[in-house]
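Residue strings, one per chain:
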Amino acid sequence: MNPSPNRQAAVVGLFTAAAIAILAGAVLTIGDINDSFTRKVTVTAVFDEVSGLKKGDNIWFSGVKVGTVKSMRFQEDSKVEVVLRVDREATPFIHKDVLAKVGSDGLIGNRIVVLYAGTPTAPTLEDGDVLSIGKTVSTEEIMATLQENNKNLLGITSDLKVVSGKLAAGEGTIGKLLTDESLYASVNDTAATLNGASDNAKTMTSSLSTFASKLNEKGSLPNDLVTDKTTYASLTATVSELHETGARASELVGTLAAGAANPNSPVGAMMGDGAAGGDLKQTLENLNRGTVLLNEDLEAAQHNFLLRGFFKKRDKEAAQKAKDDK
Amino acid sequence: MVISPGVDAFAIAVYESASFVKRFVVELFQRPIHFRELIKQCYAVGVLSLPLITLTGFVTGIVFTKQSRPSLAAFGATSWLPSLITVALLRSLAPLVTALICAGKVGSNIGAELGSMKVTEQIEAMEVSAINPFKFLVVSRTVATTLMVPALMLYCCCVGLMGSFLNVHGNEATSLASFFKTGFSTITYLDVFASVTKSFVFGFTIGIISCFKGYNASSGTQGVGRAANASVVLSMFVIFIEEMLIVQIINWLRGF
């Protein structure tokens, strides 16, 4: 059953009021977000290019939204003049020498105009000011750098490909090291030799150790040599005496040489006079002959009857002794 | 027959429709104004459609958010959900959903009501009673749909955004203020103006087509069914055509 006409009218009125309230809410929200109800100052900035900036995009100062882009128009030299509407509330903090650049509110976000820098001593922003332009790193520049990196990467991988190809083919020192069996054997032999050398060194070290221990053993010659000052003194004295003896021997040899050089001295006569040498030789021959003759005489004496009994008796005793030994 | 039966029939239908609209415009500004009937129709169109619009708007908001989430989450942009949903709902979904629901509920109602009045000769009876049936029936109903559909659209958008907020809050713990602030950051006055205008056009379309079909119903009770059916189908069809045209106009306006 339908309500009374008056009730219907009231409900329809409420419903319409609610709809108007929603509409007003939406308008106010948009107005609040777009700062439609705040006073603005209008400034301009001339950019070489604006990277897709459009009317209504935000203006940021120190990361805070302070206005919007009002309009854009080309200038004669293909530059773009951007008209910015900045909240009057923010202008006491923005100075005339502030720089403007086109940025982005995220990696894939909307374009924004970023106001930055500015010196505190400069006057604050006013209506009609023309802002200076800061350096912008555009996506194209980032892409260009990335492209350059890609080329370098390509070069590096190409070189690596060549190197790894050579390695696989066994070219070059490292390639041979990887693939050549003889090189491996050689290295193995070298290692074995080094191992042997190491063993020898070990043995030597051991010997040195033993020697060192002996060196430390008291009473031994090396220890005495190293530690006993008396022995060292004796040795020094001996060496000194040897030195003296050598000097004397040298002096004697010098004297002998002088003697040999003098033909009138006995030594000089022996060594230098040929006639004296011949006499000496004759004397020696005569002596030798005399000895032979004496030997014959003694043989004959053994067979003399006076001495024969003695020799026979000695032979018998010798024969008897040999028999007893058997 | 001028060209062919089909073409002739189409031309006559266009003429009759144009005459009907012309008559509506003429009689809209003529006295008397049946204010009480207008309120009654506004109540029927607006208030009685509220539950259906609430449910549809809420479901649209929450489902659209849920379905959009994976696509945005794929590149870590779920923080863009409020803007996306607000743009989608305010610019397109809310006007369209409201218009289609009203075309189904209100259009069929008007078509069947006027159709049955026509076939039972109640309209002729009104004429006899010195009441302008066009003024009383058609103008009041068409004005009611024209006024109420924009109101329902705003309500649908609000409920849809609340549904979306529930989902976003459940996932990202976003506050209501932040949700609306982010959502409306990409909305302009033009969007609101366009949506409201669109809804006025859709409301008028639903009212005028349903009244036309009902007012010109014939062939007894079968004609009533046909009138109700044709009201809904033709209203929806024309709504989509208008949506397409209005979007083009708005995008053209956006360039200024």
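The structure under discussion appears in the preceding block.
Residues numbered from 1 in each chain as written. Chains lettered and ligands numbered in written order. Predicted model: local features only at pLDDT ≥ 70, side-chain atom pairs only at ≥ 80, totals over all residues. Heavy atoms only, no water.

### Considerations on the overall build of chain B
(1) Moving on: A tally of helices and strands in chain B yields nine helices and zero strands.
(2) Moving on: For chain B, the α and β elements follow one another from N to C terminus as α-α-α-α-α-α-α-α-α.
(3) Moving on: When contacts within chain B are restricted to residue pairs at least 6 apart in sequence, long-range pairs at least 24 apart make up 83% of them.
(4) Moving on: On chain B, roughly 12200 Å² of surface is accessible, and the fraction owed to carbon and sulfur atoms is 71%. (Helix = DSSP H or I, 4+ residues; strand = E, 2+ residues; numbered from the N terminus. Contact = heavy atoms within 4.5 Å. Areas by Shrake-Rupley, 256 points an atom, 1.4 Å probe, with all protein chains shown as cover.)

### Some points on the overall build of chain A
(1) Moving on: Scanning chain A from terminus to terminus reveals nine helices and seven strands.
(2) Moving on: Counting over 326 residues, chain A shows a buried share of 18%.
(3) Moving on: By sequence separation, contacts in chain A at least 24 residues apart represent 52% of the contacts at least 6 residues apart.
(4) Moving on: Per element, the accessible surface of chain A, about 23600 Å² overall, is 61% carbon and sulfur. (Buried < 20%, exposed > 50% of the residue type's maximum accessible area, 1.4 Å probe, protein only.)

### Some remarks on the pattern of salt bridges
(1) Moving on: The full count for this structure, using the stated rule, is 15 salt bridges over all chains.
(2) Moving on: The shortest N-O distance in the salt bridge between E172 of chain B and R69 of chain B comes to 2.6 Å. Taken together, the residues span a long stretch of sequence, with E172 of chain B in helix α6 (residues 133–172) and R69 of chain B in helix α3 (residues 50–73) at a distance of 103 residues.
(3) Moving on: Salt-bridge contacts for E113 of chain B lead to R141 of chain B; the nearest nitrogen and oxygen are separated by 2.9 Å. Here E113 of chain B, found in helix α4 (residues 81–119), pairs with R141 of chain B, found in helix α6; they are 28 residues apart in sequence, far enough to count as distant.
(4) Moving on: Within the structure, one salt-bridge network assembled from shared partners comprises K96, E126 and D129 of chain A. (Salt bridge = Lys/Arg side-chain N within 4 Å of Asp/Glu carboxyl O.)

### Remarks on the pairing of strand β1 (residues 40–47) of chain A
Residue and element names in this part refer to chain A.
(1) Moving on: Most of β1 sits out of view: six of its eight residues are buried.
(2) Moving on: Sheet topology places β1 next to strand β4 (residues 80–87); eight bridges connect them, and they run antiparallel. Residue pairing for β4: F47 is matched across the bridge by V80. (Pairing = 2+ DSSP bridges.)

### What to know about the sheet that holds β1 of chain A
Residues and elements named next belong to chain A.
(1) Moving on: With mixed pairing, the seven strands of this closed barrel are ordered in space as β1-β4-β3-β2-β6-β5-β7. Along the sheet, successive strands turn relative to each other by an average axial angle of 40 degrees, direction set aside.
(2) Moving on: Pairing analysis gives two bridges linking strand β5 (residues 99–104) to strand β7 (residues 130–133), with the strands arranged parallel. Within β7, the residue paired with A100 across the bridge is I133. (Axes fitted to C-alpha atoms, helices over the stretch in contact; angles between N-to-C directions.)

### Side note on the side chain of R141 of chain B
(1) Moving on: What makes R141 of chain B buried here is its relative accessible area of 2%.
(2) Moving on: Those residues in contact with R141 of chain B that lie beyond four places of it in its chain are E37, Q41, I110, E113, L114, F136 and C211 of chain B.

### Details of the packing of aromatic side chains
Ring pairs (aromatic) are described by centroid distance and by the angle formed between their planes.
Residue and element names in this part refer to chain B.
(1) Moving on: By the definition in use, this model includes nine aromatic pairs over all chains.
(2) Moving on: Both rings, one in F134 and one in Y215, keep their centres 5.7 Å apart while their planes meet at 85 degrees; by these two values the pair is edge-to-face. Of this pair, F134 sits in helix α6 while Y215 sits in helix α8 (residues 189–215); the two residues are 81 residues apart in sequence, bridging distant segments of the chain. As far as the burial class goes, F134 and Y215 line up, both buried.
(3) Moving on: An angle of 70 degrees between the planes, with centres 5.5 Å apart, marks the rings of F165 and F179 as edge-to-face. With a gap of 14 residues between them, F165 in helix α6 and F179 in helix α7 (residues 176–183) connect regions that are remote in the sequence. (Phe/Tyr/Trp six-rings, centres within 6.5 Å; stacked < 30°, edge-to-face > 60°.)

### What to know about the environment of G203 of chain B
Residue and element names in this part refer to chain B.
(1) Moving on: Within the secondary structure, G203 sits in helix α8.
(2) Moving on: We classify G203 as buried; its relative accessible area is 0%.
(3) Moving on: Considered as a pair, G203 and V143 are 60 residues apart in the sequence and their alpha carbons are 8.3 Å apart.

### A word on unusual backbone geometry
(1) Moving on: Cis geometry marks the peptide bond from R31 of chain B to P32 of chain B; its omega dihedral reads -5 degrees.
(2) Moving on: Although it is not a glycine, S51 of chain A sits at a positive phi angle of roughly 50 degrees.
(3) Moving on: Mapped onto the elements of the fold, S51 of chain A is located in the loop between β1 and β2 (58–61).
(4) Moving on: What makes S51 of chain A buried here is its relative accessible area of 18%.
(5) Moving on: In this structure, A117 of chain A takes a positive phi of about 60 degrees despite not being glycine.

### Considerations on helix α1 (residues 5–33) of chain A
For an α-helix, 3.6 residues make a turn, and residues three or four places apart therefore share a direction.
(1) Moving on: Under the 1.5 Å per step criterion, the end-to-end length of α1 of chain A is 42 Å for 29 residues, consistent within 8% with the ideal 42 Å.
(2) Moving on: Where α1 of chain A is concerned, the buried positions are Q8, V12, F15, A19, A26, I30, G31 and I33 of chain A.
(3) Moving on: Residues of α1 of chain A that are buried in the fold lie against β3 (64–74) of chain A together with α2 (35–45), α3, α6, α7 and α8 of chain B. (Expected span 1.5 Å × (residues − 1).)

### Quick word on the pairing of β5 of chain A
In the case of a regular strand, side chains alternate between the two sheet surfaces.
(1) Moving on: Strand direction decides the pairing type here: β5 of chain A and strand β6 (residues 111–116) of chain A, joined by six bridges, are antiparallel. The residue of β6 of chain A that forms the bridge with K101 of chain A is V114 of chain A.

### Some remarks on the interface of chain B and chain A
(1) Moving on: Listed by partner, the interface residues are 26 residues for chain B and 25 residues for chain A.
(2) Moving on: For the pair chain B and chain A, the summed buried area comes to about 2200 Å², and 78% of that belongs to carbon and sulfur atoms.
(3) Moving on: Of all residues in chain B, Y43, F184 and Y189 of chain B bury the most surface against chain A, accounting for 28% of the area lost on that side.
(4) Moving on: Across the chain B-chain A interface, the total number found is zero salt bridges.
(5) Moving on: Listing elements by their share of the side of chain B that touches chain A, those giving two or more residues are α2, α6, α7 and α8 of chain B. (Buried area = accessible area lost by both parts, 1.4 Å probe.)

### Some details on the environment of L166 of chain B
All names here are of chain B.
(1) Moving on: With respect to the helices and strands, the residue L166 is situated in helix α6.
(2) Moving on: For L166, a relative accessible area of 47% puts it in the partly exposed group.
(3) Moving on: Taking C-alpha positions, L166 is 9.6 Å from T65, a pair spaced 101 residues apart along the chain.

### As for the environment of V46 of chain A
Residue and element names in this part refer to chain A.
(1) Moving on: Counting through the fold element by element, V46 comes out in strand β1.
(2) Moving on: Given a relative accessible area of 22%, V46 falls into the partly exposed group.
(3) Moving on: Spatially, the C-alpha atom of V46 lies 5.5 Å from that of V80, the residues being 34 residues apart in sequence.
(4) Moving on: Aside from chain neighbours lying at most four places away, what touches V46 is Q75, K79, V80, E81 and I133.

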